[in-house]
Amino acid sequence: MFFFDSLVRVRAAERTDRGGNTVLDWSADAVHRLPIGQLNIQPATQTEGHATSSGAADATRNAVTTGWRVQSEEGTTPDIRAVDRLEWRGLTYEVDGEVAEWPDPLNGEPHHVEFTMVRATG
């Protein structure tokens, strides 16, 4: 795999609201941006279509990109959390699920991270 992709991690600051609760502050002057490189970003696809009466898949179905699969290069574990937003190719994405940190099978040390990102909708 090639790890030539990069993105910008956007992390919200925290603030206290009127009720005394700690909430995320996504205002432009409060967020922290960090460029992160050494990534491989590939489309996560899902095939859409209908099965034929025999149960076989319909050959006219289309593959639709449902998000992007991100993997860091071996030996790197970038600081990305499930609550972060990500800027890539001029668009804003969110982490879909958790960020999985994979251990090295030989020594148990962190090996790389993997996660899926999807377009931010709000």
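Residues numbered from 1 in each chain as written. Predicted model: local features only at pLDDT ≥ 70, side-chain atom pairs only at ≥ 80, totals over all residues. Heavy atoms only, no water.

So, on to the pairing of strand β7 (residues 91–103). For a regular strand, side-chain orientation follows a simple rule: the groups alternate between the two sheet faces. Bridging between strand β6 (residues 85–88) and β7 involves four bridges; their strand directions are antiparallel. What sits directly across from L86, in β7, is Y93. Between β6 and β7, which pair antiparallel one after the other, the connecting turn spans two residues, and R89 there sits at a positive phi close to 55 degrees. For β7 and strand β8 (residues 110–119), the ladder comprises eight bridges, and the chain directions are antiparallel. By the bridge assignment for β8, D96 is matched with T116. Connecting β7 to the next strand, β8, in antiparallel fashion are six residues, including G108 with a positive phi near 80 degrees. (Pairing = 2+ DSSP bridges. Helix = DSSP H or I, 4+ residues; strand = E, 2+ residues; numbered from the N terminus.)

Before going further, it helps to spend a moment on the nonpolar core. Ranked by size, the top nonpolar core spans 13 residues in total, and within it L7, I41, L86, W88, F115 and M117 carry the most contacts. Looking at this core, the elements that each hand over two or more residues are β4 (32–48), β5 (62–72), β6, β7 and β8. A per-element tally of this core places β4 first, with three residues. (Core = buried A, V, L, I, M, F, W, Y, C linked by side-chain atoms within 4.5 Å. Buried < 20%, exposed > 50% of the residue type's maximum accessible area, 1.4 Å probe, protein only.)

Interpretation note: all reported values are geometric properties and have no functional meaning in isolation.
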